[in-house]
Amino acid sequence: MKTVTDTAHCDDLMKALETFREQGSLIERWGAELARRLSAGGRLLVAGNGGSAAQAQHLTAELVGRYRDDRAPFSALALHADTSSTTAIANDYGVQEVFARQTAAHGRPGDVLMLLSTSGASANLLAAADRAHRLGLTVWALTGRAPNPLHLAADDSLCVDAPVAATVQELHLVAVHMLCESFDQAVGSGEPAATARAADHPADARDDGRPGANGRAGARTEGRVDGARPDGPGGPAARPAGLPVGPRTAGTRPRRAEGDA
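Sequence order sets the numbering: in each chain, residues are counted from 1 along the sequence as written. Two thresholds apply to this predicted model, a pLDDT of at least 70 for residue-level local features and 80 or more for giving and counting side-chain atom pairs, whereas whole-chain, interface and lining totals are computed over all residues. Excluding hydrogens and water, the side-chain figures rest on all heavy atoms present in the structure.

1. A closer look at the side chain of T138
Thinking step 1. Among the secondary structure elements, T138 is positioned in strand β4 (residues 138-143).
Thinking step 2. Relative accessibility under 20% of the residue-type maximum defines a buried residue, over 50% an exposed one, and the middle range a partly exposed one, all with a 1.4 Å probe and only protein chains included. Residue T138 is classed as buried on the basis of its relative accessible area of 16%.
Thinking step 3. Those residues in contact with T138 that sit more than four places away from it in its chain are R37, D111, V112, L113 and D155. By the criteria applied, helices consist of DSSP H or I runs no shorter than four residues and strands consist of E runs no shorter than two, each listed in order from the N terminus. Any pair of residues with heavy atoms lying within 4.5 Å of one another is described as a contacting pair.

The following block contains the structure:
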C-alpha cells in the first residue's frame, strides 16, 4: 500500500513533463491564433467530461475574466456549464448530443472548439468535433496518449504521453495556463487595438465579425435563412448549401470511455 510519502505520483508527473516541454511551441501558436480570432469577434467553445469539464471552465474563466494582468474580456463558453441546456439535451436527444447541439447553437465559422479528454474516446466530444467541422469551426484537442479517436478527429492536438489519467489532467492544466499566457502576450502586442477603435467608432466597423455597429451576429449569418440555426427552427432548409445534415441520435446512450474525464 502506498503512503502519503510515496513519490511515485510526482515521479510520473516529472517523467511526463519531460516530453510535454516539447509542446511549448504548439501552445504558443494556439495562444497567438486564439488572440487573433477572439480579437476579431470570434468565440472559443470548450468542452470536457468530469475533471476535464472543470479544466474547460477554468480556461474560459481566465479569458472572460483575466489570467494575470488586466485586459479586455473575450468571448469563451464552457459548454457543460449551462446545466439546464445540458440536461435537457441529454434527456431529449441522448448524452452523445450534449456538446454537439450546443456547438451548433453557439458556434460560427472561424470560431474555435477546444475539447479535453484524458482517453480521447468520449463519444459526446467526438460528436461535437464532427458537428464543429461541418459548421466551419476549427477543432483543437487536449488528450492523453496518441493515437486516439479525438486526436485523429481534431485539426490540431496536444497529446500528453502519460499512462495515468491524473497525470494527463495535471499537464492539461499546465497547458491551459501556458495557453493563457501566450494569449495575453499576443493581446498585449497591440493587435486588439484595431478592434477597440472599431468599437469606439461603430460607423467605421466592417461587417466581418469585429465589435461595432454590426456586431458578432451581423457578420455571422451568411448562408443562413432568416438567421435560423442549422438545428433550430427551419431545420435542414436553413442550413447553408452543401453542408450535410448529421444523423439525429435521439435515445442513444453511448458508454463512457473507461477512466475518462
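2. Quick word on empty space enclosed by the protein
Thinking step 1. Buriedness of a pocket was judged along seven lines, with at least five required to meet protein on both sides within 12 Å; pockets are open sets of points on a 1 Å grid over the protein atoms alone, cavities are sets where a 1.4 Å probe fits but cannot get out, and lining residues have an atom within 4 Å of a point. Grid points are joined across faces, edges and corners, and a volume is the space filled by probe spheres set on the points. Taken as a whole and assessed by the stated rule, the structure comprises one cavity of 30 Å³ or more.
Thinking step 2. Each pocket or cavity is described by its volume, and for the largest cavity that value is around 40 Å³.
Thinking step 3. Around the largest cavity, the lining residues are I27, W30, L59, M114, L142, A175, V176 and L179.
Thinking step 4. If you list the elements that add at least two residues to the lining of the largest cavity, you get α2 (24-39) and α8 (165-188).
Thinking step 5. When residues of the lining of the largest cavity are assigned to their parent elements, the largest contribution, three residues, is made by α8.
Thinking step 6. When residue character is reported, Ala, Val, Leu, Ile, Met, Phe, Trp, Tyr, Cys and Pro are called nonpolar, Asp, Glu, Lys and Arg charged, and the others, Gly included, polar. A breakdown of the residues in the lining of the largest cavity according to their chemical character gives eight nonpolar, no polar and no charged.

3. Regarding the pairing of strand β1 (residues 44-48)
Thinking step 1. Where burial is concerned, most of β1 is hidden: five out of the five residues are buried.
Thinking step 2. Taking every second residue as pointing to the same face, both faces of β1 are buried, with L44, V46 and G48 on one and L45 and A47 on the other.
Thinking step 3. Inspection of the sheet shows β1 paired to strand β2 (residues 76-78) by three bridges, in the parallel sense. Residue pairing for β2: V46 is matched across the bridge by A78. The pairing criterion is simple: DSSP has to find at least two bridges between the two strands.

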